Amino acid sequence: MTAETETTQSTGSCCTPTGSCHDGATDVQIDQTDGVTTVYQVKGMTCGHCEGSVSEEISGIAGVTSVAAVAATGLVTVTSKAPLAEDAVRAAVDEAGYELLGPAA
């Protein structure tokens with residue numbers, strides 16, 4: 001994160017309310033292929049560990065080729081070989097302990 005902000009800890013988050021666990025985005029790249037890129041809004045990420053947890057769970061979805069999570073914005077960019085079912089992404093985010101709000105506007 002580039003700026004420290006007071007963030008309320010959500011249920012299931014691994015971090016302190018100030019998000020002091022780690023800084024920076026976590027990227028998971030599985031394969032270097034072109035595909036479909038979708039940006040999702042995820043609630044509750046506060047640090048690098050949170051980013052890693054979300055990225056790891058989403059990268060386990062069949063067809064996902066890369067994941068980049070940014071706690072500071074709550075955005076998770078997912079590239080996949082084909083469009084993903086939102087319920088699969090929601091289940092992965094839930095498994096990581098966070099809340100998928102849906103595709104980013």
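Just so you know, these numbers come straight off a predicted model, no measurement behind them.

A.B. asks: How should helix 2 (residues 86-96) be read in this particular structure?
C.D. replies: A turn of α-helix holds 3.6 residues, and therefore any two residues three or four places apart point the same way. Along helix 2, the residues that are buried comprise Val89, Ala92, Val93 and Ala96. Across the axial projection of helix 2, the buried residues extend over an arc of 95°, all falling on one side. The exposed residues of helix 2 that point more than 90 degrees off its buried face are Asp87 and Glu95. Along its buried surface, helix 2 packs onto strand 2 (36-43), helix 1 (48-59) and strand 5 (99-103).

A.B. asks: Help me understand the confidence of the model for the protein, please; the structure alone is not making it clear to me.
C.D. replies: When pLDDT is low, close inspection of the predicted coordinates is not appropriate. A residue-level look at the protein finds 69% of positions with pLDDT of 70 or above and a mean pLDDT of 81. Predicted confidence for residues 1-11 stays below pLDDT 50, and this span has 19 contacts to residues more than four positions away or in other chains.

A.B. asks: Explanation requested: the pattern of salt bridges in the structure shown.
C.D. replies: Working definition: two side chains of opposite charge can pair if their charged atoms are close together. Throughout the structure, instances matching the rule amount to one salt bridge. A salt bridge links Glu86 to Arg90, with the nearest nitrogen and oxygen atoms 2.7 Å apart. Pair noted here: Glu86 and Arg90 are both in helix 2, with a separation of four residues, about one helical turn. Among the residues examined, Arg90 registers a relative accessible area of 31% and is labelled partly exposed.

A.B. asks: Even after reading the chapter, I still don't get helix 1, so can you show me in this structure?
C.D. replies: Over its twelve residues, helix 1 runs 16 Å from end to end, which matches the ideal 16 Å to within 8%, given 1.5 Å per residue. Taking burial as the measure, the twelve residues of helix 1 include nine buried ones, the bulk of the element. Residues of helix 1 that are buried include every one of Gly48, Cys50, Glu51, Gly52, Ser53, Val54, Ser55, Ile58 and Ser59, and no others.

A.B. asks: Would you explain the packing of helix 1 against helix 2 in this entry?
C.D. replies: Describing two packed helices takes the angle between their axes plus the distance from one axis to the other. Close contact between helix 1 and helix 2 brings their axes to 8 Å; oriented N to C, the two are set at 140°. Overall, the two elements helix 1 and helix 2 adopt an arrangement that is oblique. In terms of crossing hand, the pair formed by helix 1 and helix 2 is right-handed. Taking contact as the criterion, the partners of Ser53, Val54, Glu57 and Ile58 in helix 1 are, on helix 2, Val89, Ala92, Val93, Glu95 and Ala96. Taken together, the residues of the contact of helix 1 with helix 2 break down into six nonpolar, one polar and two charged.

A.B. asks: Would you explain the nonpolar core in this entry?
C.D. replies: A general feature of soluble globular proteins is that nonpolar side chains tend to end up buried together. Met45, Ile58 and Val76 are the most contacted members of the largest nonpolar core, which has 21 residues in total. Contributions of two or more residues to this core are made by strand 2, helix 1, strand 3 (64-70), strand 4 (75-80) and helix 2. Considering every element that reaches this core, the biggest residue donor is helix 2, with four residues. Contacts of Met45, omitting those with residues within four sequence positions, involve Cys50, Glu51, Val54, Ala69, Val70, Ala71, Gly74, Leu75, Val76 and Tyr98.

Cut-offs applied
- Residues numbered from 1 in each chain as written.
- Predicted model: local features only at pLDDT ≥ 70, side-chain atom pairs only at ≥ 80, totals over all residues.
- Heavy atoms only, no water.
- Buried < 20%, exposed > 50% of the residue type's maximum accessible area, 1.4 Å probe, protein only.
- Helix = DSSP H or I, 4+ residues; strand = E, 2+ residues; numbered from the N terminus.
- Arc of directions from axis to C-beta.
- Contact = heavy atoms within 4.5 Å.
- pLDDT = per-residue confidence, 0-100.
- Salt bridge = Lys/Arg side-chain N within 4 Å of Asp/Glu carboxyl O.
- Expected span 1.5 Å × (residues − 1).
- Axes fitted to C-alpha atoms, helices over the stretch in contact; angles between N-to-C directions.
- Parallel < 35°, antiparallel > 145°, perpendicular 65-115°, else oblique.
- Left-handed = near helix turned anticlockwise from the far one by under 90°.
- Nonpolar A, V, L, I, M, F, W, Y, C, P; charged D, E, K, R; others polar.
- Core = buried A, V, L, I, M, F, W, Y, C linked by side-chain atoms within 4.5 Å.

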